[in-house]
Amino acid sequence: MKQISVETHSRFEMIDITAAVQKSVSEEKIESGICLIYTPHTTAAITINENTDPDVPRDILVALDKAIPLNANYRHMEGNSAAHVKSSLVGASELVIIEKGRIVLGTWQSIFFCEFDGPRTRKFFIKSFK
Ligand code: ZN
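Here is what the cut-offs are and how they apply
Residues numbered from 1 in each chain as written. Predicted model: local features only at pLDDT ≥ 70, side-chain atom pairs only at ≥ 80, totals over all residues. Heavy atoms only, no water. Donors = N, O, S within 2.8 Å, 3.2 Å for Na, K, Ca; no water. Tetrahedral: all angles 85-135°; square planar, octahedral: opposite > 155°, others 65-115°. Buried < 20%, exposed > 50% of the residue type's maximum accessible area, 1.4 Å probe, protein only. Pairing = 2+ DSSP bridges. Helix = DSSP H or I, 4+ residues; strand = E, 2+ residues; numbered from the N terminus. Arc of directions from axis to C-beta. Salt bridge = Lys/Arg side-chain N within 4 Å of Asp/Glu carboxyl O. Phe/Tyr/Trp six-rings, centres within 6.5 Å; stacked < 30°, edge-to-face > 60°. Lys NZ or Arg CZ within 6 Å of the ring centre and 35° of its normal.

Angles at a metal have ideal values that depend on geometry: 109.5 degrees with four tetrahedral donors, 90 or 180 degrees with six octahedral donors. Each protein donor to the zinc ion is listed here as His76 (NE2), Glu78 (OE), Asn80 (OD1) and His84 (NE2); together their distances run 2.0 to 2.2 Å. Around the zinc ion sit four donor atoms; with metal-centred angles ranging over 92 to 149°, the donor geometry is irregular. Taken in sequence order, the residues that donate to the zinc ion follow the motif H-x1-E-x1-N-x3-H. Overall, the relative accessible area of 53% leaves glutamate 78 in the exposed class.

Here it is as structure tokens:
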């Protein structure tokens, strides 16, 4: 398993981690298998979506913020319930196929680390299986 640290810079952010995932798979020399990308945080997430147009991750963050407002009579004392809800909706992990030593993604797809309660120092794990 590989652990990677991420510094996030704002409250909401989507950071493209595709290159880090591919690097890990290449270092492990796995030609064919699957790769799990997992974050152990309760106010962050992992997702796959478009990064060719940077307006797409921006719009995802705007839409999530509209659907799950920061303040909505939540009870959680820490004051970051919206971030917890977004984390559960988007999910803590993604699974991708490895073929010929490369992670298999569509033309427009990237793997993102999603920050919903930044800025913070975060981490995610990469585990590949043959
Ligand atoms: Zn909390």
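Still more ground to cover, so stick around.
This next bit is on the sheet that holds strand E1 (residues 2-7). Spatial strand order, E1-E8-E3-E5-E6: five strands in an open sheet with antiparallel pairing. Of all strands in the sheet, those bounded by a partner on one side alone are E1 and strand E6 (102-103).

Take helix H1 (residues 18-27) next. For H1, every residue scored as buried is listed here: Thr18, Val21, Gln22, Ser24 and Val25. Seen along its axis, H1 keeps its buried residues to an arc of 160°; they face one direction. In the segment just after H1, lysine 29 is the residue with positive phi, at about 55°.

Time to look at the pattern of salt bridges. All told, the structure shown has six salt bridges when counted by the stated rule. We note a salt bridge from arginine 58 to aspartate 59, for which the minimum N-O separation is 2.7 Å. A residue is classified by how much of its surface remains accessible, and arginine 58, at 48% relative accessible area, is partly exposed. Its relative accessible area of 39% is what places aspartate 59 among the partly exposed residues.

Below, the discussion takes up the packing of aromatic side chains. As enumerated under the stated definition, the model contains one aromatic pair in all. Taking the centre distance of 6.3 Å and the plane angle of 35° together, the rings of phenylalanine 113 and phenylalanine 124 count as tilted. Placement of the pair is phenylalanine 113 in strand E7 (residues 109-115) and phenylalanine 124 in strand E8 (residues 121-129), with a sequence separation of eleven residues. Across this residue pair, the class does not change: phenylalanine 113 and phenylalanine 124 are buried. Geometry around phenylalanine 12 places lysine 86 over its ring, the cationic atom sitting 3.9 Å from the centre.

So, on to the pairing of E8. Direction of pairing for E1 relative to E8: antiparallel, over a ladder of six bridges. Pairing of valine 6 across the sheet is with arginine 122, part of E8. Where strand E3 (residues 32-38) lies against E8, five bridges are found, and the strand directions are antiparallel. In the sheet register, cysteine 35 faces E8, and the bridge partner there is serine 128.

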